[in-house]
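Architecture and fold: a report
So the chains spell out like this:
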Amino acid sequence: MSSTLKWLLAGLGIAVLWALGSSVYVVDETQQALIIRFGAPMGVAGAPGLKFKIPFSDSLVFYDSRLQMLTSPAEQVILGDQKRVEVVTYTRFRISDPLRFYQAVGTLDQANAQLTQMVSSSLRRELGQVSLRSLLSDERRPEVAIIQKDVADKARALGVDVTEVRLHRADLPFEASQAIYDRMK
């Protein structure tokens, strides 16, 4: 055998090994993989393990299948008795349908932005009918359940399963608190 043929076979062997290596991928037990062929979603690999794809044409997008936590920034809400409160909420969610998630929002940052907006609008609508006294007592549980159900129903269209929406904190704004303290003095 000539040396040129040996180099050609070695190069061909390396190219075949590289093509085999690029056609294998691993899905971790905490992930889901969306297979995209030439820009079009082809399927979801949700079960963990070693998987195969077509090299050069298939690309992968990995999404976390664990519960995600979204803490919304503090926002002022006007209650039913015209009192203002600063409310901080947190939301727990999971990506339940990676294909729908990819088509609707694409990235986790976009999903967080849309979920924050959904929680905010639902929170304002429901707390706009509640008095401060009932918000600070056990009477707020049904209201929070309504908010959670509303957000969960809207988030299904994004491929997201919302498991929990809770009020982390509900305080009077700084100006109102300062006025109360000044009156106490």
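Residues numbered from 1 in each chain as written. Predicted model: local features only at pLDDT ≥ 70, side-chain atom pairs only at ≥ 80, totals over all residues. Heavy atoms only, no water.

Focus: the packing of helix α3 (residues 108-127) against helix α5 (residues 140-155)
Where we set the bar: With axes taken as lines fitted to C-alpha atoms, and helix axes fitted only over the stretch in contact, angles between N-to-C directions fall between 0 and 180 degrees. Segments assigned H or I by DSSP are reported as helices when at least four residues long, segments assigned E as strands when at least two residues long, and all are numbered from the N terminus. When the near helix sits turned anticlockwise from the far one by under a right angle, the crossing is termed left-handed; a clockwise turn instead gives a right-handed crossing. The criterion used for residue contact is that any of the two residues' heavy atoms lie within 4.5 Å.
Interaxial distance between α3 and α5 falls to 9 Å at its minimum, and their mutual angle equals 145°. Every pair of crossing elements has a handedness; the one defined by α3 and α5 is right-handed. Of the residues in α5, those in contact with Leu115, Met118, Val119, Ser121, Ser122, Leu123, Arg125 and Glu126 of α3 are Glu143, Ile146, Ile147, Asp150, Val151, Lys154 and Ala155.

Some words on the nonpolar core
In globular proteins that are soluble, nonpolar side chains generally tend to be buried together. Rules: For the purposes of this section, nonpolar cores are sets of buried Ala, Val, Leu, Ile, Met, Phe, Trp, Tyr and Cys residues that join through side-chain atoms within 4.5 Å. Any residue under 20% of the maximum accessible area for its type is buried, any over 50% is exposed, and the rest in between are partly exposed; the area is computed with a 1.4 Å probe on protein chains only.
Leu115, Leu127, Val160 and Val162 are the most contacted members of the largest nonpolar core, which totals 31 residues. For this core, the elements supplying multiple residues, two or more each, are β2 (31-37), β8 (84-95), α3, α4 (132-135), α5 and β9 (160-171). Once you skip the residues sitting within four places of it in the chain, Val160 turns out to touch Phe93, Arg94, Ser96, Phe101, Leu115 and Ala155. Of all hydrophobic cores here, the second largest spans 5 residues; its members include Tyr25, Val27, Ile35 and Ala45.

A word on the sheet that holds strand β5 (residues 58-64)
Worth spelling out the cut-off: When DSSP locates at least two bridges between a pair of strands, those strands are taken to pair.
Strand order in the open sheet made by the 3 strands is β3-β2-β5, with antiparallel pairing throughout. Every interior strand has two partners, whereas the edge strands, β3 (40-45) and β5, have only one. Looking at each pair of strands side by side, their axes are set apart by 25° on average, direction ignored. Across 5 bridges, β2 lies against β3 in antiparallel orientation. Within the sheet, the bridge partner assigned to Leu34 lies in β3 and is Val44.

Section: unusual backbone geometry
Excluding glycine, residues mostly carry a negative phi; peptide bonds, for their part, are mostly trans. One non-glycine residue, Phe38, adopts positive backbone phi at about 50°. Inspection of the secondary structure assignment puts Phe38 in the loop between β2 and β3. Overall, Phe38 belongs to the exposed group, its relative accessible area being 70%. Phi is positive for Gln82, which is not a glycine, with a value near 65°. Mapping Gln82 onto the fold places it in the loop between β7 (75-78) and β8.

Remarks on the pattern of salt bridges
Quick note on the threshold: Each salt bridge in this description consists of a side-chain nitrogen of Lys or Arg and a carboxyl oxygen of Asp or Glu lying within 4 Å of one another.
A complete count under the given rule lists 10 salt bridges for this structure. Here Glu164 and Arg166 are joined by a salt bridge, their closest N and O atoms 3.2 Å apart. In this structure Glu164 comes out as buried when scored by relative accessible area, which is 18%. Among the ionic contacts, a cluster of salt bridges with common partners joins Arg92, Glu164 and Arg166.

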